[in-house]
Amino acid sequence: MASERPSEPEFRRGDVSDAEGILRVISAAFPEWPPVEIDVPPIDHLRWKMTPPEPLPRADHAIVELDGEIFAVQLRWPARAHVRGEDVPTEVGTDLAVHPDARGRGLSRLIRAHEQERIHPLRLAGFDTTPQNELVRRMQESDGLRILRPMAVWTRTFTAATFLRDHRAAGSLHLARAAGVHLARSVARRLARNRGSANRTIDRVVEFDERASDLWERVRRDYDLARRRDHRWLNWRYLDRRAGHIEAYAMTEGDRLLGYVVVRRNRVEGTVLDLVTDPAEPGVGGPLLDRGARALRDASCGRVTCLLPVGHREEAALTAGGFLRTGEGRSLDFSRDRHQQLPEILEIAADPRTPIHVMLGEFDHA
């Protein structure tokens, strides 16, 4: 008796109504999902992730079915970006997963081909940190030439063990200098915290309002490339409880918003997801970072990590907030083929002196 022929994979687009089938694949593909700590069931986290604020598209998630059942997925995370002042769509693929029962059938390559067919003709910005996943790295090898924009890793540590782990790899001279700087800046921060400012206050954010959108309109002019941060996107990305253990702190002077910081706690690790400050108000970022870092320390985090483009104007704020460069480097990854219709972004990526604002909160893996 002849064996039954395997069914042909069928590609389609999906939305949040497919969440349960998508979660079945993701749960089978990854030993732990999501990789960040959450207080809600995984299906709720997934539904949050699949429904960005309108009018951003919600039905572009990539799905491959076999005999009508989902066996491969890649979620799409859309937003808007400013590229030299022009507002353009931006999108990154997240959570590429193939069910173990269907591996080896080219389902991830099928998703990749359909995404390239859809995205490459568009005037659309797409960039991410260099992938850690080996499967994704291998797939990107066929994407043509890439441009890597350097990012620096900064940390603020709260224990001797984490300080040594973060700085020892860069050599004994770096470690000795970092220890001296760390001690001196700790004293300076305590003095600055005691002085404070009677007119400026830092409070935890319950909900971002139009003032955050107005702040972003003032900030974005400083950068040739940045994802748009209006208050609706901020509330979805950071303040929806389904997103994880995230807190935001804002500095105000009267009714004026001067800046905000967003931090995440993931077990004993802390991360700075976002920092936005008014360019006309120097000295805002340091106290905000200090406030966010102390909140993470009080929640039992041993350190806080921040990723920032090299040469960014907020490097001074990180220094004032108690952060030190570790000597480790990361990169932003830009594909030449993907940006044939938006060559300006490749010019920006290739010149490390061009100011860009990119932080970890823009990516789902942070």
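Residues numbered from 1 in each chain as written. Predicted model: local features only at pLDDT ≥ 70, side-chain atom pairs only at ≥ 80, totals over all residues. Heavy atoms only, no water.

### Focus: the packing of aromatic side chains
Aromatic ring pairs: the centre-centre distance and the angle between the two ring planes describe each pair. By the definition in use, this model includes seven aromatic pairs. Between Trp48 and Trp236 the ring centres are 5.2 Å apart and the planes differ by 25 degrees, which places this aromatic pair in the stacked class. On the criterion of sequence distance, the pair formed by Trp48 in helix H2 (residues 42-49) and Trp236 in helix H8 (residues 231-239) is long-range, its members being 188 residues apart. Looking at Trp48, the relative accessible area reads 2%, which means it is buried. Judged by its relative accessible area of 8%, Trp236 falls in the buried class. Where Phe127 meets Phe334, the ring centres are 5.4 Å apart and the plane angle is 25 degrees; that geometry is what we call stacked. In this pair, Phe127 sits in the loop between helix H3 (107-119) and strand E5 (128-129) while Phe334 sits in strand E13 (residues 324-335), placing the two residues 207 residues apart along the sequence. We note that Phe127, like Phe334, is buried. Ring pairing ties together the aromatic residues Trp48, Trp77 and Trp236, which thus form one cluster. The ring of Phe127 carries the charged tip of Arg227 above its face, separated from the ring centre by 4.3 Å. (Phe/Tyr/Trp six-rings, centres within 6.5 Å; stacked < 30°, edge-to-face > 60°. Helix = DSSP H or I, 4+ residues; strand = E, 2+ residues; numbered from the N terminus. Buried < 20%, exposed > 50% of the residue type's maximum accessible area, 1.4 Å probe, protein only. Lys NZ or Arg CZ within 6 Å of the ring centre and 35° of its normal.)

### A short note on the side chain of Asp95
The residue Asp95 is located in strand E4 (residues 86-98) in this model. Among the residues examined, Asp95 registers a relative accessible area of 13% and is labelled buried. A distance of 2.9 Å separates a polar atom in the side chain of Asp95 from a polar atom in the side chain of Trp33. Apart from the residues within four sequence positions on either side, Asp95 is in contact with Ile26, Trp33, Lys49, Val73, Gln74, Leu75 and Asp364. (Polar contact = N/O pair within 3.5 Å; in protein donor to acceptor, adjacent residues only side chain to side chain. Contact = heavy atoms within 4.5 Å.)

### Examining the pattern of salt bridges
Overall, the coordinates contain 41 salt bridges when judged by the stated rule. Salt-bridge contacts for Glu362 lead to Arg227; the nearest nitrogen and oxygen are separated by 3.2 Å. In this pair, Glu362 is assigned in the segment after strand E14 (356-357) and Arg227 in strand E8 (residues 225-227), connecting sequence segments 135 residues apart. What emerges from the salt-bridge pattern is a single network uniting Arg13, Asp60, Arg76, Glu91, Glu115 and Arg118. (Salt bridge = Lys/Arg side-chain N within 4 Å of Asp/Glu carboxyl O.)

### Structural notes on unusual backbone geometry
Note that the residue after Trp33, namely Pro34, is joined by a cis bond; omega there is -5 degrees. Put simply, Glu54 and Pro55 share a cis peptide bond, and its omega is 10 degrees. Relative to the assigned elements, Pro55 resides in the loop between H2 and strand E2 (61-66). In the Ramachandran plot, Asp95 falls in the positive-phi region, its phi being about 45 degrees despite a non-glycine side chain. Even without glycine at this site, Ser300 takes up a positive phi of about 80 degrees. For Ser300, the location among the structural elements is in the loop between helix H9 (285-298) and strand E12 (303-309).

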